[in-house]
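Take a look at the letters that make up each chain.
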Amino acid sequence: MSWLDRVRKALPFTEKRDTPDNLWTKCPSCKEMLFTKEYEENQSVCPRCDHHGRIGADARFAQLLDAGFTILESPKVKEDPLKFKDQKKYPERLKSARAANPHPDALTNALGKIEGHKVVLGVQDFAFMGGSMGMAVGAAFVAGADKALKEKCAYVICTAAGGARMQEGILSLMQMPKTTVAIRRLNAAGLPYIVVLTDPTTGGVTASYAMLGDIQIAEPGCLIGFAGQRVIQDTIREKLPEGFQRAEYLLEHGMIDMVVHRRDLKAKLASVLEFLTAAKAA
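Residues numbered from 1 in each chain as written. Predicted model: local features only at pLDDT ≥ 70, side-chain atom pairs only at ≥ 80, totals over all residues. Heavy atoms only, no water.

A. Geometry of the packing of aromatic side chains. Here the structure, examined in full by the defined rule, presents seven aromatic pairs. For the ring pair Tyr155 and Tyr193, a centre distance of 6.2 Å and an interplane angle of 35° mean the geometry is tilted. Remark: Tyr193 occurs in strand S7 (residues 193-201) and Tyr155 occurs in strand S6 (residues 154-161); sequence separation between them is 38 residues. As far as burial versus exposure is concerned, Tyr155 and Tyr193 are alike and both buried. Aromatic ring contacts, followed pair by pair, group Phe141, Tyr155, Tyr193 and Tyr209 into a single cluster. Across the ring face of Phe126, the terminal group of Arg54 is positioned such that the distance to the ring centre comes to 4.4 Å. (Phe/Tyr/Trp six-rings, centres within 6.5 Å; stacked < 30°, edge-to-face > 60°. Helix = DSSP H or I, 4+ residues; strand = E, 2+ residues; numbered from the N terminus. Buried < 20%, exposed > 50% of the residue type's maximum accessible area, 1.4 Å probe, protein only. Lys NZ or Arg CZ within 6 Å of the ring centre and 35° of its normal.)

Following this line, the structure appears as structure tokens:
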């Protein structure tokens, strides 16, 4: 045995500690490395640059609803009606998405209260196949609106979607008029329908229920649009203005009513519900 081996064996080395993979989170905007715990405690908003990160349905429910809310059962729909296959079969993609997410599809509803005001809150999760709108999302939206009608309360929806779900073809596009009719029923009953636009809200979702709210609220910096910026720019052959399709640009041009920081969103929704409920009572 060499002297180096003897010295190495004599030293009291301790076992290497395992470092959790999720200890750090990189901000997609300023690229700063953040402690995941600090980031999540700040409601997934970067404490350095104020970038609003994408969050799932459960985190959104916990942030906006009072304690004691109930997650509603997702309606069942026919899966893979077109027997669609690209690089994978559609059922395989659904199976993978469900394994990585806590809910069966991109839109989940809960019944609860926002500072004492009863609401049905729907949340789209971009992590589930890009929050894409298919038959399950359309059915969940209608079920949420029906529950609001039954409970005689507001329906609040937090949108996040890349558009219609291509694997369901024309059937996904048929959810646009379907959800629009559900909103008309809420309007006819005098019940508030409030939209919270989060990053990103695009495509057929923007062209339907995302822009039909009595009040349109957006989180700071979120992307809101129908077609992509590059597609529009190539079509009209003109350079688009700075900040085009971002929440602040849409507010400036009258397409939404307000931009609200995530930390203030619950209080703002409560005040809007208070106002709309008082207006209805009057």
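B. Just the environment of Ile215, in detail. Within the secondary structure layout, Ile215 lies in strand S8 (residues 215-218). Expressed as a C-alpha distance, the spacing of Ile215 and Cys46, which sit 169 residues apart in the sequence, is 27 Å. When neighbours within four sequence positions are excluded, Ile215 is seen to be in contact with Tyr193, Ile194, Val195, Asp257, Met258, Val272 and Leu276. (Contact = heavy atoms within 4.5 Å.)

C. Expanded view of the environment of Glu79. For Glu79, the location among the structural elements is in the loop between strand S3 (70-71) and helix H4 (90-100). Here the alpha-carbon distance between Glu79 and Ala136, two residues 57 residues apart in the chain, equals 8.6 Å. Among all residues touching Glu79, those that are not within four sequence positions of it are Leu94 and Arg98. Of the polar contacts made by the side chain of Glu79, one reaches the side chain of Arg98; its length is 2.6 Å. (Polar contact = N/O pair within 3.5 Å; in protein donor to acceptor, adjacent residues only side chain to side chain.)

D. The packing of helix H5 (residues 135-151) against helix H7 (residues 175-188), seen in detail. Their axes nearest at 9 Å, the elements H5 and H7 cross at an angle of 5°. One finds that H5 runs roughly parallel with respect to H7. The segment H5 lies against H7, with Met135, Gly138, Ala139, Phe141, Val142, Ala145, Asp146, Ala148 and Leu149 engaging Gln175, Lys178, Thr179, Ala182, Ile183, Arg185 and Leu186. Across the contact of H5 with H7, the residue classes tally to ten nonpolar, three polar and three charged. (Axes fitted to C-alpha atoms, helices over the stretch in contact; angles between N-to-C directions. Parallel < 35°, antiparallel > 145°, perpendicular 65-115°, else oblique. Nonpolar A, V, L, I, M, F, W, Y, C, P; charged D, E, K, R; others polar.)

E. Structural detail: the sheet that holds S7. The sheet built from seven strands is open, its strands ordered S3-S4-S5-S6-S7-S8-S9 with mixed pairing. Edge strands, defined here as strands with exactly one partner in the open sheet, are S3 and strand S9 (258-259). Against the sheet, helix H3 (residues 57-64) touches S3, strand S4 (107-114), strand S5 (117-124), S6 and S7, its axis set at about 10° to S4. (Pairing = 2+ DSSP bridges.)

F. How the structure looks around the pattern of salt bridges. Across all of its chains, the model carries 14 salt bridges by this definition. In this structure, Glu79 engages Arg98 in a salt bridge whose closest nitrogen and oxygen atoms are separated by 2.6 Å. Remark: Arg98 occurs in helix H4 and Glu79 occurs in the loop between S3 and H4; sequence separation between them is 19 residues. Assessed through its relative accessible area of 43%, Glu79 is described here as partly exposed. (Salt bridge = Lys/Arg side-chain N within 4 Å of Asp/Glu carboxyl O.)

G. Focus on the side chain of Gln175. Mapped onto the fold, Gln175 is located in helix H7. A distance of 2.7 Å separates a polar side-chain atom of Gln175 from the backbone oxygen of Leu171. Every residue in contact with Gln175, bar those within four places of it in the chain, is listed here: Met133, Gly134, Met135, Gly138 and Ala139.

H. A look at the state of the cysteines. Across all of its chains, the model carries zero disulfides by this definition. With no disulfide of its own, Cys153 has Cys158 as its nearest cysteine by sulfur position, at a separation of 14 Å. (Disulfide = S-S within 2.5 Å.)

I. Seen up close, the nonpolar core. In terms of nonpolar packing, the biggest core is built from 37 residues, with Phe141, Tyr155, Ile157, Tyr193 and Tyr209 touching the most fellow members. Considering every element that reaches this core, the biggest residue donor is H5, with six residues. Apart from the residues within four sequence positions on either side, Ile157 is in contact with Leu107, Gly122, Phe141, Tyr193, Ile194, Val195, Val196 and Tyr209. The next biggest cluster of nonpolar side chains, apart from the first, holds 23 residues, and it includes Leu121, Ala154, Leu273 and Leu276. (Core = buried A, V, L, I, M, F, W, Y, C linked by side-chain atoms within 4.5 Å.)

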